[in-house]
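# Structural overview
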Amino acid sequence: MKQLVRFASAGIPIQCKGGNLEAVECSRKLGLGAFEIEFVRGVKMGEVKAREIAASAAKNDVLVSSHAPYYVNCCTQEKAKVASTIRHIFSSARITGLCGGTITVFHPGHYQKLGKEEAFQAAKKVLLVINEKMDAAKVKCALGAETVGKKSAFGGLEEVVRLHEELEFVWPVLDFSHLLARGDFPCKTEGEYRKLFAAVEKRIPGYGKDFHSHFSSIEYTERGERNHLPISANVPPYKPLMKVLAENGYSGRVVCESPRLEYDALLMQAEYLKHA
Ligand SMILES: [Zn+2]
């Protein structure tokens, strides 16, 4: 059977009452096949709750993922910050795994005073330590390196693809609005979306069959991202992306990070299904 792309809201849908556990069943009732838990302000969930989420996700056929805390920086040169980055990403992956989730998305870091290559090597070192801890604790969850929206941030398209090439446990997460805002990839027309996927697939064969992505519209300046907007702002446009995903038979997840969360996720899904 053809695997369709699944759509999720980034965090508890606006219409859902309750917490992350209730949001799983609620997502299914709304017609969404995925849900991304926001650990962006810290991983405060316990093991019991995580296991309840895993059971509900299996019962409702909802794929779970998460977003790790914002305040991590894999490129940092400060010892205390290295330790806290390792701790936050590791605990996000551990709890996500217990939720039955397969990927936790993180923002790779900031260059600060480092050159691009130095930043890459610093991030690689930190990610290797996290992976060792995950192996020791038998955590099965991919680390999703998100393409960032600011030029001062480490995590351009080239960098996240290269991270995967050198560390197979890192999986690139395409944030289309960030790619546009940072100037990494235009993301405006069907042709550009096609080229983007082709470029990633050339380096990571099969990526389109298991892609993970974030979508919203965006306001940006020459320095990059400023603000996420509803998808009706059409920057970048979602309709050509939905057509490309359907026509190429890609499967994976689109997590909606617009302020309209599930409402926009459902709009994208309806557009996608027109072509699937
Ligand atoms: Zn993010």
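Quick caveat: nothing in here was measured; it's all calculated off a predicted structure. (Residues numbered from 1 in each chain as written. Predicted model: local features only at pLDDT ≥ 70, side-chain atom pairs only at ≥ 80, totals over all residues. Heavy atoms only, no water.)

Along the chain, Ser258 falls in the loop between β12 (252–256) and α9 (261–275). Separated by 148 residues in sequence, Ser258 and His110 place their C-alpha atoms 24 Å apart. Those residues in contact with Ser258 that lie beyond four places of it in its chain are Phe215, Ser216, Leu229, Pro230, Ile231 and Asp264. Polar contacts involving the side chain of Ser258 include one to the main-chain amide nitrogen of Arg260, which spans 3.0 Å. (Helix = DSSP H or I, 4+ residues; strand = E, 2+ residues; numbered from the N terminus. Contact = heavy atoms within 4.5 Å. Polar contact = N/O pair within 3.5 Å; in protein donor to acceptor, adjacent residues only side chain to side chain.)

At 2.0 to 2.7 Å from the zinc ion lie its protein donor atoms, namely His67 (NE2), His107 (NE2), Glu146 (OE) and Glu146 (OE). Bound by four donor atoms, the zinc ion shows angles of 52 to 150° at the metal and therefore irregular coordination geometry. Sequence positions of the donors to the zinc ion reduce to the motif H-x39-H-x38-E. Of this pair, His107 sits in the loop between β4 (103–106) and β5 (109–110) while Glu146 sits in strand β6 (residues 142–146), and the two are 39 residues apart along the sequence. (Donors = N, O, S within 2.8 Å, 3.2 Å for Na, K, Ca; no water. Tetrahedral: all angles 85-135°; square planar, octahedral: opposite > 155°, others 65-115°.)

Under the defined criterion, the tally for this structure stands at 19 salt bridges. A salt bridge links Arg194 to Glu190; the nearest nitrogen and oxygen atoms lie 3.0 Å apart. With Arg194 and Glu190 both in helix α7 (residues 190–203) and four residues apart, the pair spans about one turn of that helix. On the basis of relative accessible area, Arg194 is assigned to the partly exposed category, the value being 30%. Classification of Glu190 by relative accessible area gives partly exposed; the value is 27%. Note that Glu247 is salt-bridged to Arg194, the shortest N-O span being 3.1 Å. Within this pair, whereas Glu247 is found in helix α8 (residues 239–247), its partner Arg194 is found in helix α7, the two being separated by 53 residues in sequence. (Salt bridge = Lys/Arg side-chain N within 4 Å of Asp/Glu carboxyl O. Buried < 20%, exposed > 50% of the residue type's maximum accessible area, 1.4 Å probe, protein only.)

Any functional reading would require information beyond the geometric quantities listed.
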